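So the chains spell out like this:
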Amino acid sequence: MLDPSSFIKESIEEIKKTIKDEKAIIALSGGVDSSVASVLVSKAIGENLTAVFVDHGLLREGEADYVQNTFHDRLNLKYIDASSEFLGKLQGVEDPEEKRKIIGEVFIRVFEREAEKVGAKFLVQGTIAPDWIESQGNIKSHHNVALPHGMVLELVEPIRELYKDEVRIVGAEIGLPTEMVNRQPYPGPGLAVRVAGELTEDKIRICRQANAIVEEEVQKEDLDKTLWQYFAVLTNTKVTGVKGDIRDYGYLVVLRMVESLDAMTADVPELPWNMVKTISRRITAEIPEVTHVSLSVSDKPPSTIELA
């Protein structure tokens, strides 16, 4: 059983020995993994760690403000609005894997620019056990990473042996807010993989609004404490509906909610039907472009947690 106090103490000592007086940089997403890794390393080396929060224009509603407000007095935090750069490269792209690839490439370019400005020697990542287990690679905790333009950083992964439930325990022990510790995982590509087909400003807005409604209603039911993830996907499918007294033709939104311990497997739980109906009514009433809402009931496996 994990002793969080001992883990934190030992991790801080190990980080100090590894990084010494050098500069380090981490990409802070606002998720619990990168948040815990950031605070751990900051406790060890202070201002020598720069936490970079990149806004790619595909964040949840209010995410940029939430992350900045949470960490502005905890970390040496740098916020970068690179949304125009990301969305420009994604214009016209429909395939979800191609979206992921483009977002990854643009992120590395943005991040590399900041690493050079900082003069970083170390790259901190919030890798956890399921990340390297699912990728079938047990890479050593410290190794070199070459960025595209030739910059070489030494990798530090302070929580790589932990599972998600253990990361949350450490996060609580280290003083992160309860809401941050318990928040659901969010994919790196953000809404890009929750909007089917080509990304447009309207489709991103619709998906962001639908996700905000799902989160609000799940939290009202106090299910955010037990559900692993809960979100809405904007499909590329349009179906006939009725708005007012006339027929309409709008988007289909799919709701996805799962329980899991570590994301290796996931189950669709029994959900309060009134909550599901409320979410459906709100989405179709508050988002004019949506006429239909459905519920995904597939476990992992055979499905993945995200739909794309």
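What you see is a predicted model; the values in this text were computed from it and never measured. Throughout, residues of each chain are indexed from 1 in the direction in which the sequence is written. Only residues with pLDDT of 70 or above have their local features reported here, since the model is predicted, and side-chain atom pairs are shown and tallied only from 80 upward, although totals for entire chains, interfaces and linings are computed over all residues. Where side-chain values are given, they derive from all heavy atoms of the structure, hydrogens and water being excluded.

Asker: Provide a residue-level description of the UniProt feature "binding site: ATP" (unreviewed entry) in the protein, including the pertinent values.
Answerer: UniProt positions are given in the numbering used here, feature names are shortened, and annotations may be inferred rather than shown by experiment. Summarizing the sequence annotation, UniProt attributes the feature "binding site: ATP" (unreviewed entry) to Ser 29, Gly 30, Gly 31, Val 32, Asp 33, Ser 34 and Ser 35 in the numbering used throughout. Every helix listed is a DSSP run of H or I at least four residues long, and every strand listed is a run of E at least two residues long, numbered separately from the N terminus. Position of Ser 29 among the secondary structure elements: in the loop between strand 1 (24–27) and helix 2 (32–45). Under the relative-accessibility criterion, Ser 29 is labelled partly exposed at 44%. The contact criterion used is simple: two residues touch if any of their non-hydrogen atoms lie within 4.5 Å. Non-local contacts of Ser 29, meaning those with residues more than four positions away in its chain, are made with Ser 34, Phe 53, Glu 63 and Val 67. Polar contacts involving the side chain of Ser 29 include one to the main-chain amide nitrogen of Gly 31, which spans 3.0 Å. Exposure is judged per residue with a 1.4 Å probe applied to protein chains only, and the accessible area is read against the type maximum: over 50% gives exposed, under 20% gives buried, and values in between give partly exposed. Accessibility expressed as a relative area gives 0% for Ser 35, which makes it buried. The residues contacting Ser 35, other than those within four sequence positions of it, are Leu 28, Gly 30, Phe 71, Leu 176 and Met 180. Residues adjacent in sequence count toward polar contacts only when both atoms are side-chain atoms; beyond that, a polar contact is any pair of N or O atoms within 3.5 Å, and within protein one must be able to donate a hydrogen and the other to accept it.

Asker: Help me get a handle on the pairing of strand 8 (residues 246–258), residues and values and all.
Answerer: At least two bridges found by DSSP between two strands are what make those strands a pair. As paired strands, strand 7 (residues 229–243) and strand 8 are joined by 12 bridges and run antiparallel to one another. Among the inter-strand pairings, Lys 243 is bridged to a residue of strand 8, identified as Ile 246. Sheet topology places strand 8 next to strand 9 (residues 290–295); five bridges connect them, and they run parallel. Bridging from a neighbouring strand, Tyr 251 pairs with Val 290 of strand 9. Running through helix 10 (residues 273–286), the crossover from strand 8 to the neighbouring parallel element strand 9 is right-handed. Seen with the strands pointing away from the viewer, any crossover whose path from the first strand over the helix to the second strand runs clockwise is right-handed.

Asker: Tell me about the environment of Thr 235, residues and numbers included.
Answerer: Residue placement: Thr 235 occurs in strand 7. Put simply, Thr 235 and Phe 122 are 113 residues apart on the chain and 40 Å apart in space, counted from C-alpha to C-alpha. With near-sequence residues (within four places) excluded, Thr 235 lies in contact with Ala 196, Tyr 251, Leu 252 and Val 254. Polar contacts involving the side chain of Thr 235 include one to the main-chain amide nitrogen of Thr 237, which spans 3.1 Å. In terms of polar contacts, Thr 235 uses its side chain to reach the backbone carbonyl oxygen of Leu 252, at 2.7 Å.

Asker: Before we move on, could you go through the sheet that holds strand 9 and cite the residues and values that matter?
Answerer: Strand order in the open sheet formed by three strands is 7-8-9, and the pairing between neighbours is mixed. Both edges of this open sheet fall to strand 7 and strand 9, since each of them pairs with a single strand only. Averaged over all pairs of adjacent strands, the angle between their axes in this sheet comes to 25°, without regard to strand direction. Geometry is summarised by axes, namely lines fitted to C-alpha atoms with helices restricted to the contacting stretch, and by angles between N-to-C directions that run from 0 to 180 degrees. Packed onto the sheet, helix 9 (residues 201–220) meets strand 7, strand 8 and strand 9 and runs at close to 115° relative to strand 7. Contacts from helix 10 reach strand 7, strand 8 and strand 9, with the element oriented near 160° to strand 9.

Asker: Requested: an account of the domain arrangement of the protein, with residues and values cited.
Answerer: For the protein, the domain assignment lists domain 1 (4–181) and domain 2 (194–295). Throughout, the edges of the domains are those of an automatic or database domain assignment. The gap between the C-alpha centroids of domain 1 and domain 2 is 28 Å. By definition, the buried area sums, over both parts, the 1.4 Å-probe accessible area that each loses when the two are put together. Roughly 1,400 Å² of surface becomes buried between domain 1 and domain 2 when both sides are summed, with 60% attributable to carbon and sulfur atoms. Only one rule defines a salt bridge in this text: a Lys or Arg side-chain nitrogen within 4 Å of an Asp or Glu carboxyl oxygen. Counting across the interface, domain 1 meets domain 2 through one salt bridge. Put simply, Arg 60 and Glu 215 hold a salt bridge, and the shortest N to O gap is 3.7 Å. Elements represented by at least two residues in the side of domain 1 that touches domain 2 include exactly helix 4 (83–90), helix 6 (129–134) and helix 7 (164–173). Tallied by class, the residues present in the side of domain 1 that touches domain 2 amount to eight nonpolar, two polar and eight charged. Nonpolar residues are Ala, Val, Leu, Ile, Met, Phe, Trp, Tyr, Cys and Pro. Charged residues are Asp, Glu, Lys and Arg, and all others, Gly as well, are polar.

Asker: So what about the confidence of the model for the protein? Which residues, and what values?
Answerer: Looking at the protein as a whole, its pLDDT mean stands at 92, while 95% of the residues score no less than 70. Mean pLDDT values for the elements of the protein range from 68 in strand 5 (residues 144–146) up to 98 in helix 10. Here pLDDT means the predictor's own confidence in every residue, given as a number from 0 to 100.

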